[in-house]
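Residue-level structural notes
These are the residues of each chain, in order.
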Amino acid sequence: MEIVTGITEDAYQNLTLTVGDNETCNVKLYYAPTQYAWYFDWEYKNIVSKSNKITLTPNALRQFKGRIPFGFNFYAEDGIPPFKIDDWTTRVTFGILSEEEVDYIENEVYSRG
């Protein structure tokens with residue numbers, strides 16, 4: 001998993017991430033202070049997804065498995081989703097999963113009953 005660096009305390013951030021076979025994915029992170037929550041929009045090729053609330057999950061893009069060669073992982077050691085403006089600089093991690101990591105998570109986390 002590649003950790004996304006350079007996320008700041010700005011309420012609106014635009015990121016261009018390298019995913020898959022050196023392709024790009026545009027991500028917009030934004031903070032909603034009245035909701036005490038962070039959200040993200042993303043665009044990859046002809047797929048656009050907006051207003052995704054950031055929760056702690058092994059793969060936030062699971063619904064797109066098989067259509068995209070990557071996933072997003074959001075993690076916090078304390079188990080609490082991001083809710084403060086400075087959470088990216090203090091305790092929350094945003095990771096890009098490879099296609100192999102997406103498959104591993106699918107088999108080891110989601111497929112276990």
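Below is a short write-up of the structure. Not measured: the values here are computed from a predicted model.

This part covers the sheet that holds strand E7 (residues 92-98). Read across the open sheet, the three strands follow the order E1-E7-E6; overall the sheet is antiparallel. Each edge of the sheet is formed by a strand with only one pairing partner; in this case those strands are strand E1 (2-3) and strand E6 (70-76). As judged from the seven bridges shared by E6 and E7, these two strands associate in the antiparallel manner. What sits directly across from Phe-74, in E7, is Phe-94. Each of E6 and E7 is contacted by helix H2 (residues 99-110), which is oriented at about 105° to E7, the strand it contacts most.

With that settled, consider the pattern of salt bridges. In total, this model carries five salt bridges according to the counting rule given. We note a salt bridge from Lys-45 to Glu-23, for which the minimum N-O separation is 3.1 Å. In this pair, Lys-45 sits in the loop between strand E4 (37-44) and strand E5 (47-53) while Glu-23 sits in strand E3 (residues 23-32), placing the two residues 22 residues apart along the sequence. Judged by relative accessible area, Lys-45 falls into the exposed class, the value being 58%. Of the charged contacts in the structure, one is a salt bridge between Asp-87 and Arg-91, with a shortest N-O distance of 3.1 Å. When salt bridges with common partners are traced through the structure, they connect Asp-78, Asp-87 and Arg-91 into a single cluster.

Moving on: the sheet that holds strand E2 (residues 12-19). Strand order in this open sheet of four strands is E2-E3-E4-E5, and the pairing throughout is antiparallel. This sheet does not close on itself; its edge strands, each paired only once, are E2 and E5. Here the average twist between neighbouring strands, direction ignored, is 15°. Across eight bridges, E2 lies against E3 in antiparallel orientation. Bridge pairing in E3 links Leu-17 to Cys-25.

A few words now on a nonpolar patch on the surface. Together, Tyr-36, Ile-80 and Phe-83 give the surface a local cluster of nonpolar side chains, amounting to about 310 Å² of exposed area. Within the secondary structure, Tyr-36 sits in the loop between E3 and E4. Taking relative accessible area as the criterion, Tyr-36 reaches 57% and is therefore assigned exposed.

Among the nonpolar cores identified, the biggest contains 26 residues, and Leu-17, Val-27, Phe-40, Trp-42, Phe-70, Phe-72 and Phe-94 are the most heavily contacted of them. Those elements giving two or more residues to this core turn out to be E2, E3, E4, E6 and E7.

Criteria and cut-off values
- Residues numbered from 1 in each chain as written.
- Predicted model: local features only at pLDDT ≥ 70, side-chain atom pairs only at ≥ 80, totals over all residues.
- Heavy atoms only, no water.
- Pairing = 2+ DSSP bridges.
- Helix = DSSP H or I, 4+ residues; strand = E, 2+ residues; numbered from the N terminus.
- Contact = heavy atoms within 4.5 Å.
- Axes fitted to C-alpha atoms, helices over the stretch in contact; angles between N-to-C directions.
- Salt bridge = Lys/Arg side-chain N within 4 Å of Asp/Glu carboxyl O.
- Buried < 20%, exposed > 50% of the residue type's maximum accessible area, 1.4 Å probe, protein only.
- Patch = residues over 30% accessible without salt bridge, like charges linked within 9 Å, V, L, I, M, F, W, Y side chains within 5 Å.
- Areas by Shrake-Rupley, 256 points an atom, 1.4 Å probe, with all protein chains shown as cover.
- Core = buried A, V, L, I, M, F, W, Y, C linked by side-chain atoms within 4.5 Å.

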